[in-house]
Amino acid sequence: MDSLVPVPEEIKIIVIGDSNVGKSSLLTRFCNQQYNEHQQTTVGSEHYARDLRTEQGLVKLNLWDTAGQERFRAISKTFYRRSDAALLVFDWTNAKSYGSLWSYWSTEVQKVCEDIPLVVVANKCDLESSMDIEEVREECDRRNVCLIRTSCVSGNGVEDVFRHISSEVLVRRVQAANEAVSLDTIAGSSLYLQRQAPHEPASRGYCCGY
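The structure presented is a predicted model; accordingly, all values stated were derived computationally and were not measured.

Thoughts on the environment of A49
Step number 1: Along the chain, A49 turns up in strand β2 (residues 45–54).
Step number 2: C-alpha of A49 to C-alpha of F30: the two residues are 19 residues apart in sequence and 9.6 Å apart in space.
Step number 3: Ignoring sequence-local partners within four residues, the contact set of A49 consists of C31, L61 and N62.

In structure tokens form, the structure reads like this:
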């Protein structure tokens, strides 16, 4: 008899941020274990996929790389729908790309996907920068968003990004399932009590049976 193979949970993650921050390089490094110094700019969107084993079990990640150029933004937003999580990627050497996360990208994704987990990815951390990582970390903490530093050249932090965001999605799914079970239990108990309650004769005009 063949052993049963568990069906992995599917998770859709969108990867957003300004052009040239390294979104495609991040996904190529994660999915193919490669770094291409001459990675082509994404036009519209591109799909990547990889299975990942987490503490909660096996997951299949459907990853959508979206174009950061302004002329493609309307097209990119069509891929936001039904996303389970989003990675907000900025270039550690470009402070403007970090500002765009809060002035545009986080706002736009939350218009389409309310209350999904977000992770801020500080990419290209193998390079020198004038940015203050502690200031970035403090702002992310204020916004209750996780910050992870990555280098697509060395691969540092890349696996951490996808393990963390996958775990957040799975934890939320378990919490939602438990809440649904609790509500069903409460509703079932209420219905049972209604069925078991004694029916008083209609002629009684006094209170509490006395």
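Topic: the nonpolar core
Step number 1: I13, L26, F30, L61, L63, L87 and F162 are the most contacted members of the largest nonpolar core, which totals 26 residues.
Step number 2: At the level of elements, β1 (9–16), α1 (23–32), β2, β3 (57–66), β4 (85–91), β5 (118–123) and α5 (158–196) are the ones that each hand at least two residues to this core.
Step number 3: With six residues, the single largest contributor to this core is α5.
Step number 4: Here L63 is in contact with I13, L27, F30, C31, E46, H47, Y48 and F162, once residues within four sequence places are set aside.
Step number 5: Counting residues in hydrophobic clusters, the runner-up holds 25 residues, among them Y80, A86, L88 and C125.

Topic: the packing of aromatic side chains
Step number 1: This model, assessed by the stated rule, comprises five aromatic pairs.
Step number 2: Their ring planes at 85 degrees and their centres at 4.9 Å tell us that Y104 and W105 sit as a pair that is edge-to-face.
Step number 3: Here a set of aromatic residues connected by ring pairs shows up, and it is made of F90, Y98 and W102.
Step number 4: The aromatic ring of F30 is capped on one face by R50, whose charged end is 4.2 Å from the ring centroid.

Observations regarding a negative patch on the surface
Step number 1: Taken together, the side chains of D132, E135, E138 and D141 make up a negatively charged region of the molecular surface.
Step number 2: Residue class for D132 comes out partly exposed when judged on its relative accessible area of 37%.

Focus on the sheet that holds β4
Step number 1: Reading across the sheet, the six strands line up as β2-β3-β1-β4-β5-β6 and stay open at both edges, with mixed pairing between neighbours. In the strand order of this sheet, the two ends are held by β2 and β6 (146–149), each with one partner. Strand-to-strand twist in this sheet, taken as the mean axis angle between neighbours without regard to direction, amounts to 25 degrees.
Step number 2: Sheet analysis places β5 next to β6, joined by four bridges and oriented parallel.

Remarks on helix α4 (residues 133–142)
Step number 1: Restricting attention to buried positions, one finds in α4 the residues I133, V136, E139 and C140. All buried residues of α4 lie within an arc of 125 degrees about the axis, which places them on one face of the element. Exposed residues lying more than 90 degrees from the buried face of α4 are E135, D141 and R142.
Step number 2: On its buried face, α4 is in contact with β4, α3 (95–112), β5 and β6.
Step number 3: The N-cap residue of α4 is D132: its side-chain oxygen and the backbone nitrogen of E134 are 2.9 Å apart.
Step number 4: N144 sits one or two positions beyond α4 and adopts a positive phi of about 60 degrees.

Structural notes on the environment of L147
Step number 1: Mapped onto the elements of the fold, L147 is located in strand β6.
Step number 2: Exposure remark for L147: the relative accessible area of 13% places this residue in the buried category.
Step number 3: As for L147 and L88, which are separated by 59 residues in sequence, their C-alpha atoms are 9.5 Å apart.
Step number 4: If we ignore the near neighbours within four places in the chain, the residues touching L147 are F90, V120, A122, I133, V136, R137 and C140.

With respect to α1
Step number 1: Summarising burial for α1: nine of the 10 residues are buried, a large majority.
Step number 2: Among all positions in α1, only K23, S24, S25, L26, L27, T28, R29, F30 and C31 are buried.
Step number 3: At the C-terminal side of α1, Q33 shows a positive phi close to 55 degrees.

Re the layout of surface pockets
Step number 1: Of the pockets and cavities examined, the second largest pocket occupies roughly 240 Å³.
Step number 2: Along the walls of the second largest pocket sit 13 residues, with L118, R143, N144, V145 and R172 positioned nearest its centre.
Step number 3: When residues of the lining of the second largest pocket are traced back to their parent elements, those giving at least two are α3 and α5.
Step number 4: Per element, the largest residue contribution to the lining of the second largest pocket is three residues, and it comes from α3.
Step number 5: Grouping the amino acids of the lining of the second largest pocket by side-chain chemistry returns six nonpolar, three polar and four charged.

Conventions adopted
Residues numbered from 1 in each chain as written. Predicted model: local features only at pLDDT ≥ 70, side-chain atom pairs only at ≥ 80, totals over all residues. Heavy atoms only, no water. Helix = DSSP H or I, 4+ residues; strand = E, 2+ residues; numbered from the N terminus. Contact = heavy atoms within 4.5 Å. Core = buried A, V, L, I, M, F, W, Y, C linked by side-chain atoms within 4.5 Å. Buried < 20%, exposed > 50% of the residue type's maximum accessible area, 1.4 Å probe, protein only. Phe/Tyr/Trp six-rings, centres within 6.5 Å; stacked < 30°, edge-to-face > 60°. Lys NZ or Arg CZ within 6 Å of the ring centre and 35° of its normal. Patch = residues over 30% accessible without salt bridge, like charges linked within 9 Å, V, L, I, M, F, W, Y side chains within 5 Å. Areas by Shrake-Rupley, 256 points an atom, 1.4 Å probe, with all protein chains shown as cover. Salt bridge = Lys/Arg side-chain N within 4 Å of Asp/Glu carboxyl O. Lys, Arg positive; Asp, Glu negative; His and termini not counted. Charge placed at Lys NZ, Arg CZ, Asp CG, Glu CD. Pairing = 2+ DSSP bridges. Axes fitted to C-alpha atoms, helices over the stretch in contact; angles between N-to-C directions. Arc of directions from axis to C-beta. Polar contact = N/O pair within 3.5 Å; in protein donor to acceptor, adjacent residues only side chain to side chain. 1 Å grid on protein atoms, 1.4 Å probe; cavity = no way out; pocket = protein on both sides within 12 Å on 5 of 7 lines; lining within 4 Å. Points joined across faces, edges and corners; volume = space filled by probe spheres on them. Nonpolar A, V, L, I, M, F, W, Y, C, P; charged D, E, K, R; others polar.

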